[in-house]
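Secondary and tertiary structure notes
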Amino acid sequence: MPKDETGIAAFTLAEVLISVVLMLLSLSLLLSAFVSSKRSVALSQARLSALQIACDEAERLRTNAYTSISNWPTYATVTNTFIAYQMSRTVTNCSTKTNILDAYRNITIAIRWTDPASKRSQTLTNYVTLFNTN
């Protein structure tokens, strides 16, 4: 910080411009970090909502008889936190050669949604017994 003719110390124009550029650069990096973390939080919330919808559906399927499950619709749309989640359900045989698991079926619940960036999905697989007669 050089002194002028009157003996008062002051910053030069070059020092001020360099400090402003450095401050703007650091603020832009900080802002991009905040935007990235907000996007990450929104994606985590959407995934958690999708997983909760899948868990609710799996619990609902588990507490009903297998014969009534096979008659349920396989597609549904659930809206949660302003996002429309498309739910699909498939029931398949267990891939095993033992007679023990012949009484069970795999139930796969797939939840799909679209966020501003891309299409996302979350799946949950569970088992249901053919002898469940609740």
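Residues numbered from 1 in each chain as written. Predicted model: local features only at pLDDT ≥ 70, side-chain atom pairs only at ≥ 80, totals over all residues. Heavy atoms only, no water.

With that out of the way, let us pick up the overall build of the chain. Helices and strands together make up the secondary structure of the chain, namely two helices and four strands. Taken from the N to the C terminus, the helices and strands of the chain come in the order α-α-β-β-β-β. A buried classification covers 21% of the 134 residues belonging to the chain. Carbon and sulfur atoms provide 62% of the accessible area of the chain, an area that totals close to 9,900 Å². (Helix = DSSP H or I, 4+ residues; strand = E, 2+ residues; numbered from the N terminus. Buried < 20%, exposed > 50% of the residue type's maximum accessible area, 1.4 Å probe, protein only. Areas by Shrake-Rupley, 256 points an atom, 1.4 Å probe, with all protein chains shown as cover.)

Turning our attention to the nonpolar core. Ranked by internal contacts, the top residues of the largest apolar core, which has 13 residues, are Tyr85, Ile109, Ile111 and Trp113. Of all the secondary-structure elements, those providing two or more residues to this core are helix H1 (13-62), strand E2 (83-93) and strand E3 (104-114). Take this core: its biggest share by element is six residues, from H1. (Core = buried A, V, L, I, M, F, W, Y, C linked by side-chain atoms within 4.5 Å.)

Taking 1.5 Å per residue, 50 residues should reach 74 Å; H1 reaches 73 Å between its end C-alpha atoms and fits that length. Residues of H1 that are buried: Leu43, Ala46, Ser49, Ala50, Ile53, Ala54, Glu57, Ala58 and Leu61. (Expected span 1.5 Å × (residues − 1).)

Side chains of Phe11, Val16, Val20, Met23, Leu24, Leu27, Leu30 and Phe34 sit close together on the surface and give an oily, nonpolar patch of about 800 Å² of accessible area. Of note, methionine 23 is situated in helix H1. (Patch = residues over 30% accessible without salt bridge, like charges linked within 9 Å, V, L, I, M, F, W, Y side chains within 5 Å. Salt bridge = Lys/Arg side-chain N within 4 Å of Asp/Glu carboxyl O.)

On inspection of all chains with the given rule, the structure shows two salt bridges. Residue arginine 60 is joined to glutamate 57 by a salt bridge in which the shortest nitrogen-to-oxygen separation is 2.7 Å. Linking arginine 60 with glutamate 57, this pair stays in helix H1, spanning three residues, or about one helical turn. On the accessibility criterion, arginine 60 (42% relative accessible area) is partly exposed. Among the charged side chains, a salt-bridge network with shared partners connects Glu57, Arg60 and Arg89.

A few words now on the pairing of E3. As defined by bridge partners, E3 adjoins strand E4 (residues 119-129) across eleven bridges and the pair is classed as antiparallel. Residue pairing in the sheet places isoleucine 109 in a bridge with leucine 124 of E4. Joining the antiparallel neighbours E3 and E4 is a turn of four residues. (Pairing = 2+ DSSP bridges.)

Right, let's talk about the confidence of the model for the chain for a bit. If pLDDT is low for a region, its predicted coordinates should not be looked at in detail. For the chain, per-residue confidence averages 79 on the pLDDT scale, and 76% of positions sit at 70 or higher. In the model of the chain, helix H2 (residues 66-69) stands out as the element of lowest mean pLDDT, 67, in contrast to H1, which has the highest, 89. (pLDDT = per-residue confidence, 0-100.)

Relative to the helices and strands, serine 49 is located in helix H1. Each C-alpha atom, one on serine 49 and one on threonine 79, is 9.9 Å from the other, the two residues being 30 residues apart in sequence.

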